[in-house]
Amino acid sequence: MVMWHFAFVRVLQSTTTTVTPLLPFISSRKVSFSRKISSKMAQDLRYFQLNTGAKIPSVGLGTWQAAPGVVSQALETAIKIGYRHIDCSPGYGNEKEIADTLKKLFDEGVVKREELFITNKLWCCDHDPEDVPVALERVLEGLQLDYVDLYLIHWPLKMKKGYIGFDPHNFLPTDIPATWKAMEALYDSGKARAIGVSNFTVKKLGDLLETARVVPAVNQVELHPVWQQPKLREFCNANGVHLSAFAPMGSPGTAGVQTEVLKHPVLVSIAEKLGKTPGQVALRWGLQMGNSVLPKSTNPSRIKENFDVFDWSIPDDLLAKFSEIKQERLLVCDWAVHETLSQYKSLEELWDGEI
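Residues numbered from 1 in each chain as written. Predicted model: local features only at pLDDT ≥ 70, side-chain atom pairs only at ≥ 80, totals over all residues. Heavy atoms only, no water.

Draft legend 1. Summary view of the overall build of the protein. For the protein, the count of helices and strands is 11 helices and 16 strands. Across the 355 residues that make up the protein, the buried fraction comes to 55%. A sequence separation of at least 24 residues applies to 74% of the contacts in the protein between residues at least 6 apart. Accessible surface, the protein as shown: approximately 14,700 Å² in total, 52% of it carbon and sulfur. (Helix = DSSP H or I, 4+ residues; strand = E, 2+ residues; numbered from the N terminus. Buried < 20%, exposed > 50% of the residue type's maximum accessible area, 1.4 Å probe, protein only. Contact = heavy atoms within 4.5 Å. Areas by Shrake-Rupley, 256 points an atom, 1.4 Å probe, with all protein chains shown as cover.)

Draft legend 2. Layout of the packing of helix H1 (residues 71-81) against helix H2 (residues 95-107). Packing of H1 against H2 brings their axes to within 9 Å, and their N-to-C directions diverge by 40 degrees. Comparing the axis directions of H1 and H2 gives the class oblique. As H1 packs across H2, the resulting crossing turns out to be right-handed. Counted together, Val 71, Ser 72, Leu 75, Glu 76, Ile 79 and Lys 80 of H1 and Glu 97, Ile 98, Thr 101, Leu 102, Lys 104 and Leu 105 of H2 form the full contact between these two elements. Among the residues forming the contact of H1 with H2, the class breakdown is six nonpolar, two polar and four charged. (Axes fitted to C-alpha atoms, helices over the stretch in contact; angles between N-to-C directions. Parallel < 35°, antiparallel > 145°, perpendicular 65-115°, else oblique. Left-handed = near helix turned anticlockwise from the far one by under 90°. Nonpolar A, V, L, I, M, F, W, Y, C, P; charged D, E, K, R; others polar.)

Draft legend 3. Looking closely at the environment of Ile 355. Its location among the elements puts Ile 355 in the segment after helix H11 (347-350). For Ile 355, a relative accessible area of 27% corresponds to the partly exposed category. The spacing of Ile 355 and Gln 229 is 126 residues in sequence and 9.5 Å in space, taken between C-alpha atoms.

Draft legend 4. The arrangement of empty space enclosed by the protein in detail. Counted under the stated rule, the structure contains two cavities of 30 Å³ or more. In this structure, the largest cavity occupies an estimated 50 Å³ of space. Around the largest cavity sit Asn 199, Phe 200, Thr 201, Val 221, Glu 222, Gln 229, Leu 232, Arg 329, Trp 351 and Glu 354, which together line it. Its residues placed into classes, the lining of the largest cavity shows four nonpolar, three polar and three charged. (1 Å grid on protein atoms, 1.4 Å probe; cavity = no way out; pocket = protein on both sides within 12 Å on 5 of 7 lines; lining within 4 Å. Points joined across faces, edges and corners; volume = space filled by probe spheres on them.)

Draft legend 5. Looking closely at the pairing of strand S9 (residues 150-153). Taking every second residue as pointing to the same face, both faces of S9 are buried, with Leu 150 and Leu 152 on one and Tyr 151 and Ile 153 on the other. Bridge count for strand S8 (residues 117-122) against S9 is four bridges, and the pairing is parallel. Bridging from a neighbouring strand, Thr 119 pairs with Leu 150 of S9. For the handedness criterion, the β-α-β arrangement of S8, helix H3 (residues 132-143) and S9 is classed as right-handed. (Pairing = 2+ DSSP bridges. Right-handed = clockwise from strand over helix to strand, strands pointing away.)

Draft legend 6. Molecular detail of the packing of aromatic side chains. All told, the structure shown has seven aromatic pairs when counted by the stated rule. Arranged with centres 5.7 Å apart and planes meeting at 25 degrees, the rings of Trp 285 and Phe 322 form a pair that is stacked. Of this pair, Trp 285 sits in helix H8 (residues 278-289) while Phe 322 is found in the loop between helix H10 (316-319) and strand S16 (326-327), placing the two residues 37 residues apart along the sequence. Assigned by exposure class, Trp 285 and Phe 322 land together as buried. (Phe/Tyr/Trp six-rings, centres within 6.5 Å; stacked < 30°, edge-to-face > 60°.)

Draft legend 7. Spotlight on the sheet that holds S8. Spatial strand order, S6-S7-S8-S9-S12-S13-S14-S15: eight strands in an open sheet with parallel pairing. Either end of the sheet is taken by a strand with one partner, and the two such strands are strand S6 (61-62) and strand S15 (292-294). Across five bridges, strand S13 (residues 218-222) lies against strand S14 (residues 242-246) in parallel orientation. Bridge pairing in S14 links Val 221 to Ala 245. On top of the sheet, H3 reaches S8 and S9; it is set at about 140 degrees to S8, its chief contact.

Draft legend 8. The arrangement of helix H7 (residues 265-274) in detail. Here H7 has its buried residues at Val 266, Leu 267, Ile 270 and Ala 271. Down the axis, H7 shows its buried residues gathered within 125 degrees of arc, on one side only. Among the exposed residues of H7, those oriented more than 90 degrees off its buried face are Pro 265, Glu 272 and Lys 273. Against H8 and H10 lie the buried residues of H7. Looking one or two residues beyond H7, the residue adopting positive phi is Gly 275, at roughly 70 degrees. (Arc of directions from axis to C-beta.)

Below you can see the structure in the form of structure tokens.
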């Protein structure tokens, strides 16, 4: 049974965020991206350095919603094109096929294991400290690997052992510090070369940093031109946590998502001026803002197109146009909220007001 990233998605009312590049402050209305990479500095950006010293490839292949039967060809196509970052999870229901494809490519000499950066995730039913190493061992056995390059707490949400779906009757209170301590042991062991989190707000990440011995290397979140997350970006930059973007093009085709990021006039206009597609512009914007991106596609031509985001850049005058885009979180994840059964009684609580 597949543990989808999101279910019952609801779109919130839009709010306007103004991006003011290169200002050394943040307010509720103006956004500072002090570590934004200007177009003059941004001709390549194939890697970002993590706080572990490791380099994370800036463009990875997302495998969420990549169904068994098609993910194999998508993965093989991507690696042969040049992708070296693969984002996967046992919750996506396709790891057996991913494992078989990786083994095939290793055996054929197409790529070596040490040339890949593989991200995986701890699901919500495995948060108990004694379950964390067991969950990673299952991942390693399933993928036929000795280690993962990055292991993330998938959600700041705990479920009963063995439960996969989103029934709120299975929710339990989290103990993120205890779970994180077990994650730190995996980092110490070398079986997870880096550890991090996903879907953590400024508050949740700040709370974790108060007790963490190992600072999370990555926070993987929804991040695209329509949801730019300026406060989270600044907080992560200040604390040495790399931001990685799932749904970097707004997750087109996902049920419940009505706003089409790639049809936004700002992206369309910039794409026309640069001779690129709106999708390439969205991805390139992410790289120039300093975050890695994880576009998902099973279409060979689209996979290639999504990787063609190097050796060109968005000029500073066009980069400033992104400040005109009204902001809205597209993947609000109502399923995690319940008035009595979840620790999150509202979306405000789930996202700590970051909606």
